[in-house]
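Here is what each chain is made of, one letter per residue.
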Amino acid sequence: MSMPIYLDYGATTPLDPAVAAAMEPWGVDGFGNPHSAHMWGYKAKAAVERAREQVAILINAPVESIAFTSGATESNNWALKGLLTAPGQTRRRIVTLATEHSSVLETAQYLAGIGAQLTIVPVREHGLVDLGDLERALGEDVALVSVMAVNNEIGVVQDLAGIGRRAHAVGAVFHVDAAQGFGKLPLDVDVMGIDLMSVTAHKIYGPKGVGALYRRPFTVITPLLHGGGQEDGRSGTLPTALIAGLGEAARIAGERMAADQAHALQLRDRLLAGLSVLHRINGDLDRRWPGNLNLSFPGLVMPLIQQLPGLAISSGSACAAVTGRASHVLTALGLPEPTAKASLRLGFGRFTTAKDIDTAATLINAAVQRQLEELA
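Counting restarts for each chain, with residues numbered from 1 along the sequence as it is written. Only residues with pLDDT of 70 or above have their local features reported here, since the model is predicted, and side-chain atom pairs are shown and tallied only from 80 upward, although totals for entire chains, interfaces and linings are computed over all residues. Derived side-chain values reflect all non-hydrogen atoms in the structure, with water molecules and hydrogen atoms excluded from consideration.

A.B. asks: Pulling in residues and values, what's your account of the pairing of strand E2 (residues 66-69)?
C.D. replies: Burial status follows relative accessibility: with a 1.4 Å probe on protein chains alone, a residue under 20% of its type maximum counts as buried, one over 50% as exposed, and anything between as partly exposed. Helix numbers and strand numbers start at the N terminus; a helix is a DSSP run of H or I with at least 4 residues, a strand a run of E with at least 2. Of the two faces of E2, the one lined by Ile66 and Phe68 and the one lined by Ala67 and Thr69 are each fully buried. In terms of strand pairing, E2 meets strand E8 (residues 211-215) through 4 bridges, oriented antiparallel. Residue pairing for E8: Ile66 is matched across the bridge by Tyr214. In this analysis, strands are considered paired if DSSP registers two or more bridges between them.

A.B. asks: So what about the sheet that holds strand E12 (residues 344-347)? Which residues, and what values?
C.D. replies: A sheet is described by the order of its strands in space; here 3 strands give the open sequence E9-E10-E12, paired in antiparallel fashion. The open sheet terminates on both sides in strands that have one partner only, identified here as strand E9 (280-281) and E12. By definition, residues are in contact when any of their heavy atoms lie within 4.5 Å. Between the N-to-C directions of two axes lies an angle of 0 to 180 degrees, each axis being a line fitted to C-alpha atoms and, for a helix, fitted only over the stretch in contact. Strands E9, strand E10 (292-296) and E12 of the sheet are contacted by helix H8 (residues 240-274), whose axis makes an angle of about 20 degrees with E10.

A.B. asks: Give a description of the sheet that holds E2 that names residues and reports values.
C.D. replies: Taken in spatial order, the 7 strands of this open sheet run E2-E8-E7-E6-E5-E3-E4, and their pairing is mixed. Only two strands of the sheet have a single neighbouring strand rather than two, namely E2 and strand E4 (117-121). Put simply, the sheet's adjacent strands are angled 20 degrees from each other on average, direction ignored. Along the sheet, helix H4 (residues 102-113) contacts strand E3 (93-97), E4, strand E5 (142-148) and strand E6 (173-177); its crossing angle with E3, the most-contacted strand, is approximately 155 degrees.

A.B. asks: With reference to specific residues and values, describe empty space enclosed by the protein.
C.D. replies: Using only the protein atoms, space was sampled on a 1 Å grid; points where a 1.4 Å probe fits but cannot get out form cavities, open sets with protein on both sides within 12 Å along at least five of seven lines form pockets, and lining residues are those with an atom within 4 Å of a point. Grid points are joined across faces, edges and corners, and a volume is the space filled by probe spheres set on the points. All chains considered together, the criterion is met by 2 cavities of 30 Å³ or more. Taken together, the residues of the lining of the largest cavity break down into 7 nonpolar, 11 polar and 4 charged. Leu97, Thr99, Glu100, Met148, Ala149, Val150, Asn151, Val156 and Gln158 together form the lining of the second largest cavity. In the lining of the second largest cavity, the residues fall into 5 nonpolar, 3 polar and 1 charged. Throughout this entry, Asp, Glu, Lys and Arg are counted as charged residues, while Ala, Val, Leu, Ile, Met, Phe, Trp, Tyr, Cys and Pro are counted as nonpolar. The remaining residues, Gly among them, count as polar.

A.B. asks: Can you lay out the environment of Thr339 for me, pointing to particular residues and giving the numbers?
C.D. replies: Among the secondary structure elements, Thr339 is positioned in helix H11 (residues 337-341). Sequence separation of Thr339 and Glu24 is 315 residues, and the distance between their C-alpha atoms is 45 Å. Among all residues touching Thr339, those that are not within four sequence positions of it are Ser296 and Leu300.

Pasting the structure below:
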């Protein structure tokens, strides 16, 4: 059986061979603990610090403001829990969007269960928050505003600078889950007023199991993990090879950002041109990362993904796939649950070819037409 065409870049990206090469020296031979006071440790620490600088450069942040984590989920948890439980924190309210990743929404709901207050702001039918709606939800009791840079399911890009200004106007801290935006779009923590930012490696052709949290200097958060006190409060022995991979992936992303975006845009337009069946694009088409297309098909109410074994795609986030529930992002846009379940999320990027896209369009056209005929 041949492997399906991989169009699930929103779930994870292939490991770039150059990233794998950067990681290799820190596996068998460079096994030292970066915190050990001898030559093995010093060499590993140098690799870690080089990666820290590579991540910092990509978001215009001070090197010392980057702390390595196991990925964006941990970083999101640390940002929210750490801020709300920080010494001297008197504000108790979190403001976020209905379309955020579950690692933000469920963390916020957990905090609400132990005394915090939670305000979830709806988005408009195109997936973007109306800044007026957001502003009306803010007040001087808000500790944190948390908004995703690029939505993981529908690819829309929120107005981070506008949100950051409004958060700061009421004295709130602004957190951005940049798992899907880091390395794909220009992100500047100063220009956008970002105080906390979560990033991960495996969405930008790096390894799984490593990410980082940017923390603006003097933004106080309590540790999520206690123990050795590494990473300015994030305890645990650092995985040098994974961190070197994150750093190299960040470096390559910075160099290739414009080319990767242009390639994704060409592929997206080619796919849309190849679709002959009636379809709806979920999420604003102009303000979005072009490597994401989320499509629903009028008249379909049965999951379409089951009829497309030749494509490795999804109907929503990989995290939500195990539950079998309709995407909370799509239902937040107003889609009925059956339509949301029949929708497709296609993700493509650096290693996707035009042939892959043409084959995908042919297979989707056939599957949609077949299901419509069965329903007729």
